[in-house]
Amino acid sequence: MTVKLGVPSKGRLMEKTFQWFGARGIGLSRAGSDREYAGAVDGIDGVELVLLSAGEIPRELEAGRIHLGVTGTDLVREKLARWEQSVAEVTEMGFGQADLIIAVPGAWVDVNTLDDLDAAAAAFRARHGFRLRIATKYHRLVRDFLRSHGVADYQLVDSQGATEGTIRNETAEAVADITSTGETLRANHLKLLEDGLILRSQATLFRARRAPAEDGERATLAALLNKLGVD
Amino acid sequence: MPTIAATRAKAAHLRAQFEAAGAVPVETPVLQPAAALLDLYGEDIRGRAYVTSDALRGEQMLRPDFTVPVVQMHMEHGATPARYTYAGAVFRRQEDDPDRPNEYWQAGYEVFDGQDPAAADAEVFCLMRDALQGLNLRAATGDIGLLMAAVAGLRTTAPRKAALARHIWRPRRFRALLDRFSGRTPMPASRRALLAADDPMHGAPPLLGLRSRAEIEARIAALREDAAAAPISAEEVALIDAILEVRETAPNALEHLRDIAVDLPAIERAVERLRTRMGALAARGVDVDALDFEASYGRASMEYYDGFVFGFYAEGRPDLPPVASGGRYDALTRVLGRGAEIPAVGGVIRPGLMLELEGAR
């Protein structure tokens, strides 16, 4: 049996992950063509690279089908109930920084805080007959955040991409999305709420608490973490 | 864990008891149109109920409780006064606690009768108490109407009162608003800058989306008015706090609330309702002198109780939810009845929890 390491299968997150492991003496690479989701590991024996979409990695960790996985804190917290019980953070990796935030049109000069958002939502509902819509793909995190802050009269609408565009298209009035620099927000004439930071996220190496491991795998895992300098 | 068959039998037994008390048995569909529930509870209900959908009927929810469909049914074709009972499974989404069931049974009793609200409150409370006899439960009671009356009676602007009333059921935001309106927390710098600006819209990015410039200007005008209004006095905030802190046996609570009412006459009628209800409870054999009363009880639960609230708890089992709970929800009938309003009070028992406690004894 081998230790299975789940890594995002494409894009910058994959490249940065490969670089991070490479800098620590573990070579990760995609085997064969770019279309194949198979990988190779150099520098240690008994470790298998599993390339997955970043969004699938939390569930694979939770189910124990991979022993280690690289994904964002945001995805782990959104997708796993009681995430601390199924996965453990091994180390933050120093890239993929992104904040889950709430943003509204910059022209809403009267809305700068959650307090304002709540009041604007009440007035919006009275005027338009439906609740102020917030577009997001992080339903659980956003709902928990707004509930704990006592914001009412909003509704979440699902948006799996190009979330900033929903306001212009009038399918939402506000957004809750990941931003790294705020550049996309400004380009779309949006602004952050002052107290609307829901979560700071970055690429993180997680360990599955429930992945089955025999002595050989435990030894391999320990050797790998030692080599990565995170044991 | 009791079996489904045992829970069903227990629920049927409870329903028979409620029938014997004069209630008509009713059934409701398991699948409820989501719109009414969403309208009532907002986005929070999605975290608590299972939502499903089809192309024809759109979003449906697995019923998270019976109260809403029973109220709807009554408002459509029921004649008042009416008493209903029901028993069946409800479904609650669980995302944090695997020990909480996502499907459990409820047996309930609902009264639509405006003749004598205190008597109706006592009737529901005592039916639950009698059905739970022998389980050694602690009864908690409260009254949301006190806080609502106190807010309505504040010497401040109507928009502030409306904002506070809207958040009666969200203690954290209620507190934040009260602190803001009373000047205890300073105005955020961004709002101060906004109010100081001659033309707040100057230099703002182009407006997009459905919320119009007129709406933004209306809110700025409202903020200006609010900034010009005198803060809610420290005395009045202290009185609200005093109400929220009332937590003692019912007679002591009544005395305490009467003292508060001297300085806050707006709650006099609510205090009088409490007194009348205590009389009605005593008339039905409740030991009112030993009954716990907590003025803030029930604030953080589903947001439709607006008067008497109660729950029955297993002593020494803080891990368990209340075995029975209920209260008065006149406001719910107003929302669902589109103007029509019927005084209503009800309660539910969880037969599965009863069996669990009986088995543990």
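Note that residues are indexed from 1 along each chain, following the sequence as it is written. Whichever chain is written first becomes A and whichever ligand is written first becomes 1, with later ones labelled in order. Given that this is a predicted model, residues contribute local features only at a pLDDT of at least 70 and side-chain atom pairs are listed and counted only at 80 or more, while totals for whole chains, interfaces and linings are drawn from all residues. Each side-chain value is derived from all of the structure's non-hydrogen atoms; neither hydrogens nor water enter the calculation.

*Asks:* Account for the overall build of chain B, with residues named and values stated.
*Replies:* Helix and strand assignments come from DSSP, with helices taken as H or I runs of at least 4 residues and strands as E runs of at least 2, each series counted from the N terminus. Helix and strand counts for chain B come out as 14 helices and twelve strands. In summary, chain B has a C-alpha radius of gyration of 23 Å against a globular reference of 21 Å for 361 residues, a match within 12%. Seen through its principal axes, chain B has C-alpha atoms that stretch 70 × 60 × 40 Å. Here chain B holds 361 residues, and 50% of them are scored as buried. Only heavy atoms enter the contact rule, under which two residues are in contact if any of them lie within 4.5 Å. A fraction of 70% describes how many contacts in chain B between residues 6 or more apart in sequence connect residues 24 or more apart. Taken over C-alpha atoms, the radius of gyration is set against a globule rule of 2.2 Å times the number of residues to the power 0.38. Only protein chains enter the calculation, and the probe is 1.4 Å; a residue is then buried if its accessible area is under 20% of its type maximum, exposed if over 50%, and partly exposed in between.

*Asks:* Outline the sheet that holds strand β12 (residues 344-349) of chain B, supporting the account with residue identities and numerical values.
*Replies:* What holds strands together in a sheet is hydrogen bonding between their backbones, with the strands either parallel or antiparallel. All names here are of chain B. Pairing in this open sheet of nine strands is mixed, and the strands run β1-β5-β6-β12-β11-β10-β7-β9-β8 from one edge to the other. Whereas interior strands pair on both sides, the edge strands pair on one side only; in this sheet they are β1 (24-25) and β8 (247-249). Relative to strand β5 (residues 82-91), β1 is paired through two bridges, and the arrangement is parallel. Its bridge partner lying in β5, Pro25 is registered against Thr85. Each axis is a line fitted through C-alpha atoms, taken for helices only over the stretch in contact, and angles between the N-to-C directions span 0 to 180 degrees. Relative to strand β7 (residues 137-143), helix α5 (residues 144-152) is tilted by about 20°, and along the sheet it contacts β7, β9 (292-294) and β10 (308-314). Two strands form a pair only when DSSP identifies at least two bridges running between them.

*Asks:* Could you give me a rundown of the environment of B:Pro81, with the residues and numbers involved?
*Replies:* Residue and element names in this part refer to chain B. If you trace the backbone, Pro81 turns up in the loop between α3 (67-77) and β5. On the basis of relative accessible area, Pro81 is assigned to the exposed category, the value being 52%. Residues Pro81 and Arg170 lie 89 residues apart in sequence; the distance between their C-alpha atoms is 32 Å. Setting aside chain neighbours within four positions, we find Pro81 in contact with Phe112 and Asp113.

*Asks:* Got a sec to walk through the pattern of salt bridges? Specific residues and values, please.
*Replies:* Residues and elements named next belong to chain B. Salt bridges are counted wherever a side-chain nitrogen of Lys or Arg sits within 4 Å of a carboxyl oxygen of Asp or Glu. Per the counting criterion, the structure on display carries 42 salt bridges over all chains. When the shortest N-O distance is used, the salt bridge between Asp292 and Arg138 registers 3.4 Å. Here Asp292, found in strand β9, pairs with Arg138, found in strand β7; they are 154 residues apart in sequence, far enough to count as distant. Arg138 sits in the partly exposed class, given a relative accessible area of 32%. Where Glu236 meets Arg155, a salt bridge forms, and the shortest distance between an N and an O atom there is 3.9 Å. Of the two residues, Glu236 sits in helix α10 (residues 234-245) while Arg155 sits in the loop between α5 and α6 (158-166), which places them 81 residues apart along the sequence.

*Asks:* I'd love a proper account of the environment of B:Arg93, names of residues and values included.
*Replies:* Residues and elements named next belong to chain B. Mapping Arg93 onto the fold places it in the loop between β5 and β6 (103-112). Residue Arg93 is classed as partly exposed on the basis of its relative accessible area, which comes to 29%. When neighbours within four sequence positions are excluded, Arg93 is seen to be in contact with Arg46, Gly47, Arg48, Ala49 and Tyr50.

*Asks:* For the interface of chain B and chain A, give the residues involved together with the corresponding values.
*Replies:* Across the boundary between the two partners, chain B contributes 39 residues, which contact 44 residues of chain A. As a working definition, buried area equals the accessible area (1.4 Å probe) given up by two parts on being put together, with both sides summed. Both sides together, the interface formed by chain B and chain A hides about 3600 Å², and carbon and sulfur atoms give 49% of it. Sorting the residues of chain B by area buried against chain A places B:Glu43, B:Leu208 and B:Leu210 first, and these three jointly supply 20% of that buried surface. If you look at where chain B meets chain A, you find ten salt bridges.

*Asks:* Summarise the sheet that holds strand β3 (residues 51-54) of chain B; cite the residues concerned and give the values.
*Replies:* Residues and elements named next belong to chain B. The strand order β2-β4-β3 describes an open sheet built from three strands, whose pairing is antiparallel. Both outer strands of the open sheet, β2 (31-33) and β3, are each paired with one neighbouring strand and no more. Sheet twist, expressed as the mean angle between neighbouring strand axes with direction ignored, is 40°. Alignment of β2 against strand β4 (residues 58-62), held across three bridges, turns out to be antiparallel. Across the sheet, the residue bridging to Pro33 is Gln60, located in β4.

*Asks:* Pulling in residues and values, what's your account of the pairing of strand β11 (residues 324-328) of chain B?
*Replies:* Residue and element names in this part refer to chain B. Within β11, four of the five residues are buried, which leaves the element mostly enclosed by the surrounding structure. Across four bridges, β10 lies against β11 in antiparallel orientation. Across the sheet, residue Gly311 finds its bridge partner in β11, namely Ser325. Bridge count between β11 and β12: five bridges; the pairing is antiparallel. Note that in β12 the partner of Arg328 across the bridge is Val345.

*Asks:* Can you break down empty space enclosed by the protein residue by residue, with the values?
*Replies:* Grid points spaced at 1 Å over the protein atoms alone were grouped into cavities, where a 1.4 Å probe fits but cannot get out, and pockets, open sets with protein on both sides within 12 Å along at least five of seven lines, with lining residues defined by an atom within 4 Å of a point. Grid points are joined across faces, edges and corners, and a volume is the space filled by probe spheres set on the points. This model, assessed by the stated rule, comprises two cavities of 30 Å³ or more. Approximately 70 Å³ is the volume attributed to the largest cavity. If you trace the largest cavity, you find it lined by A:Arg131, A:Arg147, A:Val151, A:Ala152, A:Asp153, A:Tyr154, B:Tyr41, B:Gly42, B:Glu43, B:Asp44 and B:Arg170. Roughly 50 Å³ of volume is contained in the second largest cavity. Around the second largest cavity sit B:Thr141, B:Ala250, B:Leu274, B:Arg277, B:Met278, B:Leu281, B:Leu291, B:Phe293 and B:Phe308, which together line it. Here the element with the most residues in the lining of the second largest cavity is helix α12 (residues 268-283) of chain B; it accounts for four residues. Amino acid classes used here: Ala, Val, Leu, Ile, Met, Phe, Trp, Tyr, Cys and Pro are nonpolar; Asp, Glu, Lys and Arg are charged; the rest, including Gly, are polar. Classifying every residue of the lining of the second largest cavity by side-chain character gives seven nonpolar, one polar and one charged.

*Asks:* Report on the packing of α6(B) against helix α7 (residues 171-181) of chain B, specifying residues and quantitative values.
*Replies:* Residues and elements named next belong to chain B. Closest axis-to-axis distance for the α6/α7 pair is 9 Å, and the angle between their directions is 160°. Regarding the angle of α6 to α7, the classification is roughly antiparallel. Seen along the crossing, α6 lies across α7 with a hand that is left-handed. From α6, Arg160, Ala163 and Leu164 reach across to α7, where they touch Phe174, Leu177, Leu178 and Phe181. Counted by class, the contact of α6 with α7 contains six nonpolar, no polar and one charged residues. Every angle not falling under 35 degrees, over 145, or within 65 to 115 is termed oblique; those three ranges are roughly parallel, roughly antiparallel and roughly perpendicular. Left-handed describes a crossing whose near helix is turned anticlockwise from the far helix by less than a right angle; the clockwise case is right-handed.

*Asks:* With reference to specific residues and values, describe the pairing of β3(B).
*Replies:* Residues and elements named next belong to chain B. Across four bridges, β3 lies against β4 in antiparallel orientation. Of the residues in β4, the one forming a bridge with Ser53 is Glu59. What sits between β3 and β4 in their antiparallel hairpin is a turn of three residues.

*Asks:* Hey, could you go over the packing of aromatic side chains for me, with residue numbers and the actual values?
*Replies:* What counts as a ring pair is set by centres within 6.5 Å for rings of Phe, Tyr and Trp (its six-membered ring), and what kind of pair is set by the plane angle: stacked under 30 degrees, edge-to-face over 60, tilted for all other angles. If you walk through the whole model with that rule in mind, you get eleven aromatic pairs over all chains. Between B:Phe125 and B:Phe310, the ring centres sit 5.6 Å apart and the planes meet at 85°, which makes this aromatic pair edge-to-face. With B:Phe125 in helix α4 (residues 117-131) and B:Phe310 in strand β10, the pair connects residues that are 185 residues apart, well separated along the chain. On the basis of an interplanar angle of 35° and a centroid distance of 5.6 Å, the ring pair of B:Phe308 and B:Phe310 is categorised as tilted. Given the relative accessible area of 2%, B:Phe308 is considered buried. Among the aromatic side chains, those forming a connected cluster through ring pairs are B:Phe125, B:Phe308, B:Phe310 and B:Phe312. The rule for a charge over a ring is simple: NZ of Lys or CZ of Arg within 6 Å of the ring centre, and within 35 degrees of the ring normal. For B:Arg211, the ring lying beneath its charged end belongs to A:Trp108, and the centroid distance is 4.7 Å. We note B:Arg350 situated over the ring of B:Tyr104; from NZ or CZ to the ring centre the distance is 3.6 Å.

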